[in-house]
Amino acid sequence: MNADWLYPRRNVMPSPWTFRRGLALLAAIGVLLGSEDPIGAEALPPALSKTIPTSIADLRSIETHVKALLPKVTPAVVAVQIGDTVGSGVVVGADGLVLTAAHVGDRPGREVRFIFPDGRKAKGKTLGTDHDLDAGMMRITDAGPWRHVELAPVSGAKPGDWALTLGHPGGWDPDRSLVVRLGRVIRSNTRSLQTDCTITAGDSGGPVFDMEGRVIGIHTYVRNSTAENYHVPVAAFRQDWDRLLKGESWGVDEDSAPRPWLGTRGVDANPGCRIEVVDERGPAFKAGVQIGDTILRINDTAVEGAESYRRLVRESKIGSELRLTIERDGVQKVIPVPVADRNQR
């Protein structure tokens, strides 16, 4: 299973805040592994609390802060290699616990090779995987302690907050430092986090940091816009922490039993379910469903929220057709969508 199956094969242009004023140089690694202390945070400059920077001085203070923060967080970011699969991850415990995306690990019990920013390597195993939200855990099995970072509070990320994404686009490259991108949070809830921090193939499983150096999310997929970068929020990991730690696996790859599938994921709207993910391989995409559409009804049944939408799809029959009443730009329309088998995608 390829670690980046959700990423379109294309060149990704950086967002307006990516690498501004030489931020590409900020990926230099200056801290060695081995300390068991979590990585701390610096005081936040006032410019980070503004809606937009209003002066060159604001931009310089943000740049200075990011430069100071990077050496504290980069030692905990790892490249992940599982057979032919490549991705990223982040160490969140001195015992070598790693957070990543479920589609990188695929299933529990797989052999993993981790590569740290300074080139050091370690062995490990995959733990639990939540394929519904794309949350996964791994553990370094070599002796620690390991340099690690802290998780942000569940309520940490808010729209407008500055964020920093790190990862290994294209996989580990010994001739290139860890790639860093600066941006802001666009949407945030307990199941999904969206930023304009550009990510691409190989970044899967890497971390999104707040400006205190705490993990607020894990990269999962990107859409066709540089603003449509999605991450698994910390809240999703905390909700099922024990299950993931025990090595449980659930969700779309749980077994080979047929499962109704439209290829969408949404969040609660008032009313309905607002679509935030449309898989380009799925029947909903082919039928014309778009990100931002609000599903109001399926056939003649009102959609009361994201869970209601998931239940109605789950209870449908593979091969049948669902009539989705959607609202887009204030206009309602009905889109017929055939129900596919998730395992045949």
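Conventions and cut-offs
Residues numbered from 1 in each chain as written. Predicted model: local features only at pLDDT ≥ 70, side-chain atom pairs only at ≥ 80, totals over all residues. Heavy atoms only, no water. Core = buried A, V, L, I, M, F, W, Y, C linked by side-chain atoms within 4.5 Å. Buried < 20%, exposed > 50% of the residue type's maximum accessible area, 1.4 Å probe, protein only. Helix = DSSP H or I, 4+ residues; strand = E, 2+ residues; numbered from the N terminus. Pairing = 2+ DSSP bridges.

Participant: Tell me what's going on with the nonpolar core, and back it up with residues and numbers.
Facilitator: One finds Val 90, Leu 164, Leu 166 and Phe 209 to be the most contacted residues of the largest nonpolar core, which totals 49 residues. Looking at this core, the element that brings in the most residues is helix α1 (residues 56-73), giving 5 residues. The next biggest cluster of nonpolar side chains, apart from the first, holds 19 residues, and it includes Ile 295, Ala 306, Leu 322 and Ile 326.

Participant: With reference to specific residues and values, describe unusual backbone geometry.
Facilitator: In the segment running from Gly 144 into Pro 145, the intervening peptide bond is cis, with an omega of 5 degrees. Tracing the backbone shows Pro 145 in the loop between β6 (135-140) and β7 (162-167). Here the bond from Asn 270 into Pro 271 is cis, since omega is 0 degrees, no more than 30 degrees from zero. With respect to the helices and strands, the residue Pro 271 is situated in the loop between β15 (264-268) and β16 (273-278). Of note in the backbone geometry, Asp 134 takes a positive phi value of approximately 70 degrees without being a glycine. Locating Asp 134 in the fold gives a position in the loop between β5 (121-130) and β6. Despite not being glycine, Asp 329 shows a phi value in the positive range, around 55 degrees. With respect to the helices, strands and loops of the structure, Asp 329 is situated in the loop between β19 (321-328) and β20 (331-338).

Participant: Explain the pairing of β7 residue by residue, including any values.
Facilitator: Both faces of the sheet carry side chains from a regular strand, because those side chains alternate between them. Of all the 6 residues making up β7, 6 are buried; the element is thus mostly covered by neighbouring parts of the structure. Residues Trp 162, Leu 164 and Leu 166 line one face of β7 and the alternating positions Ala 163, Thr 165 and Gly 167 line the opposite face, and both faces are buried. Two elements, β7 and strand β8 (residues 179-188), share 6 bridges in a ladder whose sense is antiparallel. What sits directly across from Leu 166, in β8, is Val 180. Pairing between β7 and strand β10 (residues 207-209): 2 bridges, direction antiparallel. Within β10, the position partnered with Thr 165 by the bridge is Val 208.

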